[in-house]
Protein chains: 2
Amino acid sequence: MAADTPSLSGGSLLLAWQLKDKTVLIIGGGDVASGRIESVLVADARITLIAPRAGLHPLTKQFLDTCARITYHDRVFAGPQDLEGVDMVLTAIDDVEVSRQICALCRERKIPVNVADIPPSCDFYFGSQIRSGPLQIMISTNGRSPKLANIIRKKIEGCIPEHAGEAIEKVGELRSKLKERAPGVGGEVGKRRMRWMVDVCSSWDMDELALLDDNMMARLLDEGWEKNTVPRIQDLGGHNKKAAGVHSVRASSLLLPTALGFVAGIACTAAVLLTRRH
Amino acid sequence: MAADTPSLSGGSLLLAWQLKDKTVLIIGGGDVASGRIESVLVADARITLIAPRAGLHPLTKQFLDTCARITYHDRVFAGPQDLEGVDMVLTAIDDVEVSRQICALCRERKIPVNVADIPPSCDFYFGSQIRSGPLQIMISTNGRSPKLANIIRKKIEGCIPEHAGEAIEKVGELRSKLKERAPGVGGEVGKRRMRWMVDVCSSWDMDELALLDDNMMARLLDEGWEKNTVPRIQDLGGHNKKAAGVHSVRASSLLLPTALGFVAGIACTAAVLLTRRH
C-alpha cells in the first residue's frame, strides 16, 4: 500500500440529508436557531423547539406563529428525556457547558448533533446555501472562510439560469409521466428512459424546459418518446420568449463598441480624404 | 397555527458530514462504489470495503493499490458482525434483497446508511459535486433530474473564480495566524477579528487573496490588523498579475466589434466622400 494522494483529504462528505417525517430537536431560539428552523422546515421535518420565550428572535417567533410543524416548549433543556424520539439535534445556545453535555448525550444515543460554534461537538456542519424550488446548492469552505463562502454564493447565484428551479420541477414531472407510460425498474426500459431524458435535457435550454406545460409534455411523449426522438419546442407549439430575451441582451452589449468603432472609422477616413483634397 | 408556507418544503437538509477518524463500510466495488470511495476518502475517513475481487471496477482497484486508508475484504456481505465499529454504511450492489436487509440492520443500530438506487433505503442522498482544495460545492435537484444537476454543475464551474480554492486556503491560514496574534474565544476580540477578516475578504479580489504568502501575511497583520485598516496588495509588495490577466481577456472580447465598426466607418465615409468628389 502506498501513501495517500494529498488531494484526497481535508474535506467533508457533502450530503442531502432526508428528514421527511423525522423529528429534529432545536435548542435555542436566537438568530442562529431561526436559520436552522428554516433549513429543517425546508426538508419536511417536524421540529421540537426548546427555548425560553424571552430570548426568541423575531424570525423564530414568526415561524412559531405561521408553521404547524413546530412543537414549542418555553423553557431550557431539561435532560435526557428531551432526546426521546428525536432523530437529530441542533443546539444554538450561549452556554458552552450545557452544549457539550447535550452533545455527549446525543453521541451515547447515536443521534446526529450539531452544536453551533463548537466544531468538535458537531457530527456535521452547515454551509452557505442557495435554494430555488427543488434546486439546492451548498457551498462549504470546510470552516476556512464563511465570508468567501458568501462571496462565492453570490457569484453562483448570478450564473445559475434564471428558470433553473422551474426547469427542474418540470423535468421531474415529465420523468414521472414517462415512468407511468413506460413502467419498470432497471433493465432495458430503465436505460432507454434515462437516455431519452438525458437527450431532452441536453437538447432544450433551461428556459425552454421551464415552459413545459401538461399539454406540451403529452405531445413531447407522443411525438418524442414514442418515436425515439426529441422534437424542438417550436414543433410542440411553444415559443421560446425567454431565450430570445437572453440573446438580445448579449447583442446589445456589443452595440456600444461597434458604434464607437464606426464613428472612429468615419472620423479617420474623413480626416485622411479631406486632408488629401487640399 | 396557520398552514405551512409552501416554499418551506420539498427539500433536503444539505450538510457537510464530518468523517475524520471515522470508519465507513462500503459494500460493492463497481462503478458507483468507486465514486463513493473517492468522496469518503476526501473526508479523511477510514474505509472498509467488502466486495468480491472479480467485480472490482478499475478505479476501485486503483484506490486499493494507492490508498492506505482502505481495508479490503474479498467477499460478499456476511451479516451483522460486518457492521461492528462502523459509523456509516454505503451499499452499491445489484442484489435489491440483500441491500434492503443491510439497510434494516443499519437502522436497528442507528448507523446512517445510503443504498444506491433505492431512495426509501437512504438516510441521505449524494449530489453533483465540485471540489477545489478546501472549497466544496454540492448541487442537488432532490432527485428530480441528475442530468440538469450536471448541466448546472458545469455552469457553476465556469463562474467560480479560477483561484477560489487557493484564496480560501490562504484566508484560512491568515485567520489562524490572526488567532495566534490576538487569541481568545468570542467576546470583543472575537468580533473584531471577524470584522477585520470580513474587511480583508471584501477589499481584496479572490485572485489577490490567492497570492498571499507568509511574508505578505505578516505585513498584512502588522500594517493592517494592528492599525485597524486593510492595505492594498500593492502596498504589501504584491503584484496583481492574475487580475490584470482577467481584465485583458475582458478587453479583448470588445476588440472584434470595435474593429468591425471601425472598418465599416471607413468604408461608409470613403464611399460618401469619394462619390461626392465626382
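Figured I'd write up the structure that's included with this text. Just so we're clear, the structure is a prediction, and the values are computed from it rather than from any experiment.

1. Some points on the packing of helix 5 (residues 164-181) of chain B against helix 6 (residues 187-203) of chain B
Residue and element names in this part refer to chain B.
Reasoning step 1: Close contact between helix 5 and helix 6 brings their axes to 11 Å; oriented N to C, the two are set at 150°. The angle between helix 5 and helix 6 places the two elements in the roughly antiparallel class. In terms of crossing hand, the pair formed by helix 5 and helix 6 is right-handed. On helix 6, the residues that touch Val-171, Leu-174, Arg-175, Leu-178 and Lys-179 of helix 5 are Arg-193, Trp-196, Met-197, Val-200 and Cys-201.
Reasoning step 2: Broken down by class, the residue content of the contact of helix 5 with helix 6 amounts to 7 nonpolar, no polar and 3 charged.

2. A look at the environment of Pro183(A)
All names here are of chain A.
Reasoning step 1: Tracing the chain through its elements places Pro-183 in the loop between helix 5 (164-181) and helix 6 (187-203).
Reasoning step 2: With relative accessibility at 55%, the residue Pro-183 sits in the exposed group.
Reasoning step 3: The spacing of Pro-183 and Arg-193 is 10 residues in sequence and 9.4 Å in space, taken between C-alpha atoms.

3. Some remarks on the packing of helix 1 (residues 31-42) of chain B against helix 2 (residues 58-66) of chain B
All names here are of chain B.
Reasoning step 1: For the pair helix 1 and helix 2, interaxial distance at closest approach is 8 Å and the crossing angle is 35°. When helix 1 is examined against helix 2, the residues Ser-34, Ile-37, Glu-38 and Leu-41 are found in contact with a partner set consisting of Leu-59, Thr-60 and Phe-63.
Reasoning step 2: Each residue belonging to the contact of helix 1 with helix 2 can be placed in one class, and the counts come to 4 nonpolar, 2 polar and 1 charged.

4. Describing the relation of the copies chain A and chain B
Reasoning step 1: Its rotation angle being 180°, the transformation that places chain A on chain B also includes 0.1 Å of axial translation and leaves an RMSD of 0.3 Å. Taken together, the rotation angle and the small translation identify this as a two-fold axis.
Reasoning step 2: Comparing interface residues between copies, 100% of those in chain A also lie at the interface in chain B; the contact surface is shared.

5. A closer look at helix 3 (residues 96-108) of chain A
All names here are of chain A.
Reasoning step 1: Across its 13 residues, helix 3 extends 19 Å between first and last C-alpha, which sits within 8% of the 18 Å expected from 1.5 Å per residue.
Reasoning step 2: Residues of helix 3 that are buried make contact with strand 2 (23-27), strand 5 (88-91) and strand 6 (113-115).
Reasoning step 3: The N-capping residue of helix 3, defined by a side-chain oxygen 3.1 Å from the backbone nitrogen of Glu-97, is Asp-95.

6. Describing the packing of aromatic side chains
What describes a pair of aromatic rings is the distance from one ring centre to the other and the angle between the planes of the rings.
Reasoning step 1: A complete count under the given rule lists 7 aromatic pairs over all chains for this structure.
Reasoning step 2: Between Phe124(A) and Trp17(B), the ring centres sit 5.4 Å apart and the planes meet at 15°, which makes this aromatic pair stacked. Of this pair, Phe124(A) sits in strand 7 (residues 124-125) while Trp17(B) sits in strand 1 (residues 13-17), placing the two residues on different chains. The same class applies to Phe124(A) as to Trp17(B), namely buried.
Reasoning step 3: Between Phe124(B) and Phe126(B) the ring centres are 5.8 Å apart and the planes differ by 85°, which places this aromatic pair in the edge-to-face class.
Reasoning step 4: What links up through ring pairs into an aromatic cluster is the set Trp17(A), Phe124(A), Phe126(A), Trp17(B), Phe124(B) and Phe126(B).
Reasoning step 5: The side chain of Arg192(A) reaches across the aromatic face of Trp225(A), ending 3.6 Å from its centre.

Reading the values: the criteria
- Residues numbered from 1 in each chain as written.
- Chains lettered and ligands numbered in written order.
- Predicted model: local features only at pLDDT ≥ 70, side-chain atom pairs only at ≥ 80, totals over all residues.
- Heavy atoms only, no water.
- Axes fitted to C-alpha atoms, helices over the stretch in contact; angles between N-to-C directions.
- Helix = DSSP H or I, 4+ residues; strand = E, 2+ residues; numbered from the N terminus.
- Parallel < 35°, antiparallel > 145°, perpendicular 65-115°, else oblique.
- Left-handed = near helix turned anticlockwise from the far one by under 90°.
- Contact = heavy atoms within 4.5 Å.
- Nonpolar A, V, L, I, M, F, W, Y, C, P; charged D, E, K, R; others polar.
- Buried < 20%, exposed > 50% of the residue type's maximum accessible area, 1.4 Å probe, protein only.
- Least-squares fit on C-alpha atoms with pLDDT ≥ 70 in both.
- Expected span 1.5 Å × (residues − 1).
- Polar contact = N/O pair within 3.5 Å; in protein donor to acceptor, adjacent residues only side chain to side chain.
- Phe/Tyr/Trp six-rings, centres within 6.5 Å; stacked < 30°, edge-to-face > 60°.
- Lys NZ or Arg CZ within 6 Å of the ring centre and 35° of its normal.

Spatial relationships are all this shows, so hold off on functional conclusions.
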